[in-house]
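Each chain, written out:
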Amino acid sequence: MMPEAIARLDAADLSEGRDGAAMMELAEELYPICRSITGDGVRRTLAILRRYIPLEIEEVPSGTAVLDWTVPPEWNIREAYIARLDGARVVDFALHNLHIVQYSHPIDAVVPLDELRRHLHTLPDHPEWIPYRTSYYKETWGFCLTHRQLESLTDSAYRVVIDASLSQGHLTYGQCLLRGESERTVLLSCHVCHPSLANDNLSGIAVATMLARELQDARLLHSVLFLFIPGTIGSITWLARNEEMVGRIDHGLVLSCLGDSGGMSYKRSRRGNAAVDRIVAHVLQHDGTPHRITPFVPYGYDERQYCSPGFDLPVGCLMRTPNGQYAEYHSSADNLSLLRPASLVHSLNVLRRIAAVIEGEATYRSLNPKGEPQLGRRGLYPALGGRSAADEQMAMLWVMNLADGRHTLLEMAERSGLPFARIRAAADALSGAGLLEPVS
Amino acid sequence: MMPEAIARLDAADLSEGRDGAAMMELAEELYPICRSITGDGVRRTLAILRRYIPLEIEEVPSGTAVLDWTVPPEWNIREAYIARLDGARVVDFALHNLHIVQYSHPIDAVVPLDELRRHLHTLPDHPEWIPYRTSYYKETWGFCLTHRQLESLTDSAYRVVIDASLSQGHLTYGQCLLRGESERTVLLSCHVCHPSLANDNLSGIAVATMLARELQDARLLHSVLFLFIPGTIGSITWLARNEEMVGRIDHGLVLSCLGDSGGMSYKRSRRGNAAVDRIVAHVLQHDGTPHRITPFVPYGYDERQYCSPGFDLPVGCLMRTPNGQYAEYHSSADNLSLLRPASLVHSLNVLRRIAAVIEGEATYRSLNPKGEPQLGRRGLYPALGGRSAADEQMAMLWVMNLADGRHTLLEMAERSGLPFARIRAAADALSGAGLLEPVS
Amino acid sequence: MMPEAIARLDAADLSEGRDGAAMMELAEELYPICRSITGDGVRRTLAILRRYIPLEIEEVPSGTAVLDWTVPPEWNIREAYIARLDGARVVDFALHNLHIVQYSHPIDAVVPLDELRRHLHTLPDHPEWIPYRTSYYKETWGFCLTHRQLESLTDSAYRVVIDASLSQGHLTYGQCLLRGESERTVLLSCHVCHPSLANDNLSGIAVATMLARELQDARLLHSVLFLFIPGTIGSITWLARNEEMVGRIDHGLVLSCLGDSGGMSYKRSRRGNAAVDRIVAHVLQHDGTPHRITPFVPYGYDERQYCSPGFDLPVGCLMRTPNGQYAEYHSSADNLSLLRPASLVHSLNVLRRIAAVIEGEATYRSLNPKGEPQLGRRGLYPALGGRSAADEQMAMLWVMNLADGRHTLLEMAERSGLPFARIRAAADALSGAGLLEPVS
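Figured I'd write up the structure that's included with this text. It should be emphasised that the depicted structure is a prediction, and the values quoted were computed from it without experimental measurement.

Rules and cut-offs
Residues numbered from 1 in each chain as written. Chains lettered and ligands numbered in written order. Predicted model: local features only at pLDDT ≥ 70, side-chain atom pairs only at ≥ 80, totals over all residues. Heavy atoms only, no water. Helix = DSSP H or I, 4+ residues; strand = E, 2+ residues; numbered from the N terminus. Contact = heavy atoms within 4.5 Å. Polar contact = N/O pair within 3.5 Å; in protein donor to acceptor, adjacent residues only side chain to side chain. Buried area = accessible area lost by both parts, 1.4 Å probe. Salt bridge = Lys/Arg side-chain N within 4 Å of Asp/Glu carboxyl O. Nonpolar A, V, L, I, M, F, W, Y, C, P; charged D, E, K, R; others polar. Least-squares fit on C-alpha atoms with pLDDT ≥ 70 in both. Buried < 20%, exposed > 50% of the residue type's maximum accessible area, 1.4 Å probe, protein only. Pairing = 2+ DSSP bridges. Right-handed = clockwise from strand over helix to strand, strands pointing away. Disulfide = S-S within 2.5 Å. Axes fitted to C-alpha atoms, helices over the stretch in contact; angles between N-to-C directions.

### Digging into the environment of Arg 148 of chain A
Residue and element names in this part refer to chain A.
Point 1. Tracing the backbone through its elements, the reader meets Arg 148 in helix H5 (residues 147-151).
Point 2. As for Arg 148 and Arg 44, which are separated by 104 residues in sequence, their C-alpha atoms are 33 Å apart.
Point 3. The contact partners of Arg 148, leaving out residues within four places of it in the chain, are Pro 127 and Glu 128.
Point 4. Reaching out from Arg 148, the side chain makes a polar contact with the side chain of Glu 128 at a distance of 3.1 Å.

Take a look at the structure:
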């Protein structure tokens, strides 16, 4: 990215109000759609995203072998309910997407209560919430409901109707590749398989879409690849079909849970100290808000696949409150009211700064390595005093001191304690004065 | 060690009551014997151990040059006392082995009290305890007694009788080599030169004997060498005579002070981060009891010799309360009442787990390195829920993630925070499903 | 340095009273001189130091190109004052050297108060202190005065007289090279460009001079180079003219602020873990007084130049309270009353111990690497008991254990926690007994 573009990204915070409203609007439009790992819900979702960004939509036939897995049948659902024998519906998919266990097989039968109970899922600790359950690879059917609803089921038998299809079809995903000067690529990946879940799904989609929309106009050094995929099977499918692109990925982030009120958290890549790990840590450290950085564990989102040993990509996971660590996770309470526009904007801004470091990272060699150069006669001393001028001067001294061809700008930022943007600005000024040359 | 044997060692805790009684019984039988660095006390001790384990007993002649040292004359003692001139004995070796300074020369003389005092040793801070003193390499004689006894000596002269022999003989030690599939060897060493001292001597002997008895029936990968030797001169003698075995030692522990009520402590090898150091640290960390791990210092037990720079063996020292850090150390108060059966059993169990890690350590390469394998269709997902199942699943994910041929199972255990046994079990299950192959 | 010389340095603390008086006397003689980066003040200063030590005085012509810089014109000042129009002087350089902004251009004019104010510098927070200001490279003139003085200026215009010369001349510096057995060199550098500032200037000069006077009689292994130079331009000039010596510098310290009542502080070299960094840290750790060790930053004294990437010399900065961190810094309050003889002596003693480690550092190989040597028959066991004897014995055990040709004595001291002097004494005793040989 060109210096001006980096500076622009870095200053993008100013657009907070507009960005927040745009991301909320997108989330609201996507929320009612019943997504799953296959099916029309994903197609409708990607079609909406395509209004914002140049998205290629891929369709992979059911039964396709992908690494150790097979693309499953496509699942679509039209109607599902539990009704009293008098016809009154007591649980109805029409009222909430989460009422159906994902990938439930079709059924239309009268079922005794005892047997029905074995197919019902509730959250006794949160009796007003509906849980989210899936059964992609084990043949079954089931409903999710509030514990209150469960307690009200007292008839001896109920009619159960699930009008769903599980059939040869496709797995659908979207990819948006912004080509930069180089083929070296930054991967940003989010999952699009959760129905009516807001923080765990829509927040990542909204932030990624907004960033892609913004970057498509920038002159980029790196290529940036945005993936909108069903979790697990989607990343496995993409990896299986794109091995030639895998080797170009220099940095990557899985994006999820970016809209809640918690602080930022970052889960490192398997490598633990990849450039992306150090970059995110640096940006969060200078962000001034509380945050957590945790080591890699082979559990979570699609970083599990990207970081499998045969790929071992430098991909971490950027979140606010992580999966499983907030009460509303995987329940009907993870709804639009959990999203805060300010949180979405803050997450976007952190991503912008991460992008600015990735794009701005470089290595220089001093053309005046012996002794300090006389900055004064080159007009490089800050004109004004104060804290900012002192930092500006220190940044120049650090860059000149460490520009030995072996320290990157990020390493200078880490060692000096100054934010990357200031180090980059100093390097630009010193380059302009002929005191530095880039090292390829 | 085969997987079943490792699992057996790991579950051996169940036999607590029987093991504790057996170790106490052995300690009680050994306690009355007057051991020294040479002489019949060591021979009688080794003869008793031979009833438990296949022990080779070596005799090395006095005067033999061993590294920088020389095997000393053999010392045996029959009788020793201080008597009033009327014949009444006021200090009598027949009543306690510690009354005589080890390697005292023979004497039969009437000695004025003033002169006698220079040959007497007491513990003024513990007036009822007899200290333990030796003078192996400086020609002298002396008695150890309680401070109360010293205060009661008021006659102007006493008769002193020491009926001991210092003569051309042998240094005696025992070794028990359990041959495994490989010549690569685990060394377990304890000293057998202390007379009537329980924690500092007998506890290590009892725990080592019990482990050797147990392992002689196991099918071992490593060979295991148990040494029962006099301190310092014994390890120096063994090292001098077995240089060809030294190069085969991959792991080693000196065992002492394993029966007191304190928590476990481990003193690292000179290398500081040898496999044995990491293994013991891992086992203690997961043991759930308080423990201390301290760096190597060139003072203590026979690790001083094993870790001398010309050998630099990966040998640490496993103890409960270390030498010199409990009040009763090197006194008559380090007697059988200081030993707790539960502590002996706990020490033995820790050693069993250390052995299980040494035997179970291995490196694997994933046969499904790209993306996660589909565990579900292989029946590898835990059937039951709960904490243990979660750990079982995490262990499988960690092993698949790190099985790149560069991480050992111990490294996986360290990184995951899971106990080695669980990682090893996961590796066995995944190997059984054809997902892993061992790396030699 | 020979062992006796090292021991002597280590015991030099005893001369405290004499040394303190001598350093105060030197500071008092130097205080009234108006030094700058060039001019007669530096010449007079160096002439005084030459009475103590063998100092070569170098004169470098104005206009000489030195690295990225040019030696400036020589500045000398005879008279300067601000007077009321009736002739009464209200600010007079004759009363305090700090009243004039260094490198002020000559002027003799009546100046309106409004314009005059733009040339006046005060410290409003310390209204009784005169600040210290320079303008070496920007053409201007100015006065420094107390804020009280400024407030009393109420006339509409004043006469301003500065009788100074800025003309082709020389930059003057002094170097004192004590030749040791080797050309490998220890650099000790202090600045001599501050007029009437005591802690920030004279303390370093006094301590360095005293150490040089002491070392000139010692038989040294290393050569020791003392530089007395104007800050920044002086070190740049020296580096430009002595590139062949630069490659011989193995250790270096910039000395400043060594007389105030604060604890010692050490700023590491750019390398961060150079030998000098570890040596100073070791000495301060065992000094038993509070101290701070801080990372390198490319701001401060002449370490900025020595540590520029083209030289990257292992040069740290030894201070008590660092530049800018005490209120009196760069003001008339940094006067002789800020210096404490005990602090000067303590600083000198710390330097002596650093020198003793630099000179005493060595690597040995054990001639008895297998097992411990029998120290007793060589008479190497301490005769007396107690803490010191225990340390003496532990030092011998550590040296024998780590004398594998790969650990230096400093590394042994660091690992054992014992002071270097004790390790060195043990190595000398063991060498004397034929147990060690030096490794070149």
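We are not done yet, so read on.
### Points about the interface of chain C and chain B
Point 1. With 20 residues of chain C at the contact, the number on the chain B side is 18 residues.
Point 2. Taken together, both faces of the contact between chain C and chain B bury some 1,700 Å²; the carbon and sulfur share is 47%.
Point 3. The largest per-residue losses of area from chain C upon contact with chain B belong to Lys 370, Glu 372 and Asn 401 of chain C, which jointly make up 38% of the total buried on that side.
Point 4. Where Lys 370 of chain C meets Glu 243 of chain B, a salt bridge forms, and the shortest distance between an N and an O atom there is 2.8 Å.
Point 5. Inspection of the chain C/chain B interface yields 14 residue pairs in polar contact (both at pLDDT 80 or more).
Point 6. At the level of elements, helix H12 (386-402) and strand S18 (404-408) of chain C are the ones that each hand at least two residues to the side of chain C that touches chain B.
Point 7. Take the side of chain C that touches chain B: its biggest share by element is seven residues, from H12 of chain C.
Point 8. Among the residues forming the side of chain C that touches chain B, the class breakdown is seven nonpolar, six polar and seven charged.

### Thoughts on the relation of the copies chain C and chain A
Point 1. Overlay of chain C on chain A (RMSD 0.1 Å): rotation 120°, translation along the axis 0.0 Å. Taken together, these values place the two copies in the relation of a three-fold axis. If distances are taken from each C-alpha of chain C to the rotation axis, the shortest is found for Asn 273 of chain C, at 13 Å.

### Concerning the pairing of strand S12 (residues 223-229) of chain C
All names here are of chain C.
Point 1. Buried residues dominate S12, accounting for seven of its seven residues.
Point 2. Of the pairings in the sheet, the one linking strand S10 (residues 170-178) to S12 comprises five bridges and is antiparallel in character. Pairing of Leu 178 across the sheet is with Val 224, part of S12.
Point 3. Regarding the hand of the β-α-β motif, the stretch spanning strand S11 (residues 185-191), helix H6 (residues 198-215) and S12 is right-handed.

### Examining the state of the cysteines
Point 1. Summed over all chains, the structure comprises zero disulfides over all chains.
Point 2. With no disulfide of its own, Cys 144 of chain A lies 11 Å from the sulfur of Cys 34 of chain A, the closest cysteine sulfur.
Point 3. The buried category is assigned to Cys 144 of chain A, whose relative accessible area is 0%.
Point 4. With no disulfide partner, Cys 317 of chain B has as its closest neighbouring cysteine sulfur the one in Cys 257 of chain B, 7.7 Å distant.
Point 5. In this structure Cys 317 of chain B comes out as buried when scored by relative accessible area, which is 0%.

### Describing the pattern of salt bridges
Point 1. Summed over all chains, the structure comprises 90 salt bridges over all chains.
Point 2. Arg 304 of chain C is paired through a salt bridge with Glu 372 of chain A; the nearest N and O atoms lie 2.6 Å apart. A residue pair is termed interchain when its members come from two chains, as with Arg 304 of chain C in helix H10 (residues 303-306) and Glu 372 of chain A in the loop between strand S17 (363-366) and helix H12 (386-402).
Point 3. Note on Glu 372 of chain A: relative accessible area 12%, which makes it buried.
Point 4. Residues joined by salt bridges that share partners form a network here, namely Arg 18, Asp 19, Glu 214 and Arg 352 of chain A.

### A short note on the interface of chain C and chain A
Point 1. Counting from both sides, the interface comprises 18 residues of chain C and, opposite them, 19 residues of chain A.
Point 2. Taking both sides of the interface into account, the surface hidden between chain C and chain A amounts to around 1,700 Å²; carbon and sulfur atoms contribute 47%.
Point 3. Three residues, Asp 68, Arg 270 and Pro 298 of chain C, lead the burial of chain C against chain A; their summed loss comes to 38% of the area buried on that side.
Point 4. Linking chain C with chain A are five salt bridges, by the criterion used here.
Point 5. Taken together, chain C and chain A are joined by 14 residue pairs in polar contact (both at pLDDT 80 or more).
Point 6. Partitioned by chemical class, the residues of the side of chain C that touches chain A number 11 nonpolar, three polar and four charged.

### Some details on the sheet that holds S18 of chain C
In any sheet, the strands associate via hydrogen bonds between backbone groups, in a parallel or an antiparallel arrangement.
Residues and elements named next belong to chain C.
Point 1. Taken in spatial order, the three strands of this open sheet run S18-S17-S19, and their pairing is antiparallel. In this open sheet, the two strands that pair with only one neighbour each are S18 and strand S19 (436-438). On average, adjacent strands in this sheet sit at an angle of 35° to one another, irrespective of strand direction.
Point 2. Where strand S17 (residues 363-366) meets S19, three bridges bridge the pair, whose relative direction is antiparallel. Paired with Tyr 364 across the strands is Pro 438, a residue of S19.
Point 3. Packed onto the sheet, helix H14 (residues 420-432) meets S17 and S19 and runs at close to 45° relative to S17.

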